[in-house]
Amino acid sequence: MKRIQMVDLVGQYEKIKPAIDEAIWNVINNAHFINGPEVSGLKEDLEQYLHVKHVIPCANGTDALQIAMMALGLQPGDEVITPSFTYIATTEVIALLGLKPIFVEVNKDTFCIDEKEIENAITPKTKAIVPVHLFGQAANMNAIMEIARKNNLFVIEDNAQALGSNYHLTDGTVVKTGTIGDIGCTSFFPSKNLGCYGDGGALFTNNDDLANKIKMIANHGQSKKYYHDVVGCNSRLDSIQAAVLQIKLRQLDNYIDARREVAAYYDEFFGPMNGVQIPFRSSDSKHVFHQYTLTLDGPNRDGLNEYLASRDVPSMIYYPVPAHRQKMFASFGAENLHLQTTDWLTERVISLPIHTEMQEEQLEYITKTIEEYIGK
Ligand SMILES: *Cc1c(COP(=O)(O)O)cnc(C)c1O
C-alpha cells in the first residue's frame with residue numbers, strides 16, 4: 001500500500017505531468033515571469049468557471065483578504081465580524097489593518113459562523129462580516145446576506161477552502177461560493193482544492209468599481225504607470241503559478257468529485273459509529289471537502305490522533321486553538337469571550353486524510369485503524 005498522506009500532490013502531478021511540464025517550460029522559454037499571458041488567461045478562465053465579472057489574481061489568500069478590506073475602505077477602529085474557529089489569516093489581517101475583529105460563535109454542525117450570533121455582535125461601528133466556508137462547507141450565505149443588507153454591512157467571503165462549491169440562493173439561482181458577497185477571496189496554496197506549486201491567491205467581485213480599486217491596491221495603488229493614487233501593496237500571482245492553475249482548473253470539478261467519493265466512503269463507515277459525528281452537508285450547498293472532519297463526542301480525540309500516528313495514518317487537528325485564544329489577540333479584549341461551541345469543537349475535531357489520489361485499500365486501512373481505537 002502506498003504511504004498515506006494528508007494530501008498527495010506528487011501523485012496528482014504525475015497524472016497531469018506532460019501538460020504541467022509543457023506549460024511551465026513555456027513560461028521559462030518566454031521569460032514572461034510577471035503578468036504573462038498565463039495570468040490574464042487564468043483570470044478569464046476563472047471568471048468563466050465562477051460566473052463572476054472580475055477575478056483579480058494576487059500573491060496569496062492572506063493578501064486577498066487584506067486587499068479586500070482595503071478596497072472596501074475599512075478604517076482603523078471599524079469592527080469586522082468573523083468566526084474565531086478559522087485559519088488565523090482571516091482574523092489576522094483584520095488586526096493588521098487596525099480594524100477590530102469581533103469574534104463570533106460557529107454552528108456546531110456546519111463549523112461555519114453562526115448567523116444567529118451575528119446580529120447580537122452588530123454595533124454602530126460594524127462595517128463588515130467575513131464568513132469562512134470552512135473545510136469546504138459553505139456558511140449560511142442566504143441568512144448572512146440578509147443580515148448584511150438590513151444593517152448595511154459589507155460581506156467578504158473567505159472562500160480559501162471552498163473553491164468550486166455551488167450555493168443555492170433563496171431566489172432559486174445557483175451560484176459559486178465566493179461570488180455572493182461584495183468580494184470573495186481564495187488561496188491557491190498547494191494543498192487547497194485548487195492549489196498551485198507555490199503561493200497564490202485571488203479576489204472575486206461582480207462590482208466594477210471594487211474591481212478597479214482591488215487592481216490598483218494590489219499594484220502599489222497605481223492608476224497608471226508611476227502614478228500612485230492610494231497606498232497599496234505589491235501582490236502578484238506569477239506566470240508559472242498561473243500556468244499551473246490554468247491546467248489544474250480544468251480538473252477542479254473532477255478533483256472535487258474525487259474528494260466527495262472519499263467523504264462518502266468515510267460517511268458510510270463512521271455514520272453509524274457511536275460518539276462520532278460525521279461532517280454535516282447543508283442542503284443549500286455542495287460540500288467540496290477541503291477537509292473531512294469528524295467531531296468526537298466521547299472517544300478521546302488526542303488519543304486517536306496519537307494512535308493513528310503510531311499506525312502511519314496521518315491526521316490533523318484543525319484548529320487546536322481558536323483565534324480568540326491566540327496570544328496575538330491578547331490585547332483585543334478577546335480573552336474574556338466565551339465561545340462555548342468554538343472551544344468545544346477545538347477539543348473534539350479531527351481531520352482525516354482526504355485528497356484526489358486516495359486508494360480504496362488506504363481508506364480500508366484508515367477506517368479499520370480508527371475502528372480498532374474507538375471500538376464498534
Ligand atoms: C489557506 C487559508 C487562507 C490563507 O491563504 P494563504 O494563501 O496561505 O495566505 C485564509 N483563510 C483560510 C480559511 C484558509 O484556509
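Remember, it's a predicted structure, so these values are computed and weren't measured experimentally.

Conventions adopted
- Residues numbered from 1 in each chain as written.
- Predicted model: local features only at pLDDT ≥ 70, side-chain atom pairs only at ≥ 80, totals over all residues.
- Heavy atoms only, no water.
- Near = heavy atom within 4 Å.
- Polar contact = N/O pair within 3.5 Å; in protein donor to acceptor, adjacent residues only side chain to side chain.
- Areas by Shrake-Rupley, 256 points an atom, 1.4 Å probe, with all protein chains shown as cover.
- Helix = DSSP H or I, 4+ residues; strand = E, 2+ residues; numbered from the N terminus.
- Pairing = 2+ DSSP bridges.
- Axes fitted to C-alpha atoms, helices over the stretch in contact; angles between N-to-C directions.
- Contact = heavy atoms within 4.5 Å.
- Parallel < 35°, antiparallel > 145°, perpendicular 65-115°, else oblique.
- Left-handed = near helix turned anticlockwise from the far one by under 90°.
- Nonpolar A, V, L, I, M, F, W, Y, C, P; charged D, E, K, R; others polar.
- Core = buried A, V, L, I, M, F, W, Y, C linked by side-chain atoms within 4.5 Å.
- Buried < 20%, exposed > 50% of the residue type's maximum accessible area, 1.4 Å probe, protein only.
- Domains from an automatic or database assignment.
- Disulfide = S-S within 2.5 Å.

> Outline the site of the ligand, supporting the account with residue identities and numerical values.
Lining the immediate surroundings of the ligand are 14 residues, of which Thr 62, Asp 158, Gln 161, Ser 187 and Lys 192 lie closest. Residue Asn 60 places a side-chain N or O atom 3.5 Å away from an oxygen atom belonging to the ligand. Residue Lys 192 places a side-chain N or O atom 3.1 Å away from an oxygen atom belonging to the ligand. Taken by itself the ligand offers 380 Å² of open surface, and the protein chains cover 92% of this. Secondary structure elements with two or more residues in the shell around the ligand: helix H3 (61-71) and helix H4 (88-96). The dominant element in the shell around the ligand, judged by the number of residues it contributes, is H3, at three residues.

> How would you summarise the sheet that holds strand E5 (residues 154-158) if you had to cite specific residues and measurements?
Pairing is mixed across the open sheet formed by seven strands, whose spatial order is E1-E9-E8-E5-E4-E2-E3. A strand with exactly one partner marks an edge of an open sheet, and here the two such strands are strand E1 (54-58) and strand E3 (100-104). Strand after strand, the sheet turns through a mean of 25° between neighbouring axes, direction not considered. Pairing between E5 and strand E8 (residues 183-187): three bridges, direction parallel. Opposite Glu 157, over in E8, you have Gly 184 as the bridge partner. Contacting E1, E5, E8 and strand E9 (201-205), H3 runs over the sheet at an angle of about 160° to E8. Of the strands in this sheet, strand E4 (126-129) and E5 touch helix H6 (residues 141-151), which is tilted by about 155° from E5.

> Tell me about the packing of helix H10 (residues 301-310) against helix H12 (residues 360-374), and name the residues and values.
Where H10 contacts H12, the axes come no closer than 10 Å and their chain directions differ by 135°. With respect to H12, the element H10 is oriented oblique. Crossing of H10 against H12: the hand is right-handed. Contact residues: Gly 303, Leu 304, Tyr 307 and Leu 308 in H10; Thr 369, Ile 370, Glu 372, Tyr 373 and Ile 374 in H12. Of the residues in the contact of H10 with H12, the class split is six nonpolar, two polar and one charged.

> Requested: an account of the sheet that holds strand E13 (residues 292-296), with residues and values cited.
Strand order in the open sheet formed by three strands is E12-E13-E14, with antiparallel pairing between adjacent strands. With partners counted over all chains shown, the strands left at the sheet margins are strand E12 (276-277) and strand E14 (349-352), one partner each. Bridge count between E13 and E14: four bridges; the pairing is antiparallel. Its bridge partner lying in E14, Thr 293 is registered against Ser 351.

> Account for the nonpolar core, with residues named and values stated.
In terms of nonpolar packing, the biggest core is built from 30 residues, with Ile 81, Phe 85, Ile 113, Ile 129, Leu 134 and Ile 144 touching the most fellow members. Elements with a minimum of two residues in this core: E3, helix H5 (115-121) and H6. The element that contributes the greatest number of residues to this core is H6, accounting for five residues. In terms of domain composition, this core takes at least three residues from each of domain 1 (9-104 + 111-249) and domain 2 (252-374).

> Lay out the state of the cysteines with the relevant residues and their values.
Across all of its chains, the model carries zero disulfides by this definition. A disulfide-free cysteine, Cys 58 has its sulfur positioned 7.5 Å from the sulfur of Cys 185, the nearest such atom. Given a relative accessible area of 0%, Cys 58 falls into the buried group. We note that Cys 196 lacks a disulfide partner, and the nearest cysteine sulfur, in Cys 58, lies 11 Å from it. The buried category is assigned to Cys 196, whose relative accessible area is 1%.

> I'd love a proper account of H3, names of residues and values included.
A large share of H3 lies buried, amounting to nine of its eleven residues. Buried within H3 we find Gly 61, Asp 63, Ala 64, Leu 65, Gln 66, Ile 67, Ala 68, Met 69 and Ala 71. The secondary structure elements touched by the buried residues of H3 are E1, H4, E5, E8, E9 and helix H7 (208-218). Backbone nitrogen of Thr 62 and a side-chain oxygen of the N-cap are separated by 3.0 Å at the start of H3; the cap is Asn 60. Backbone geometry just after H3 places Gly 73 at a positive phi near 70°.

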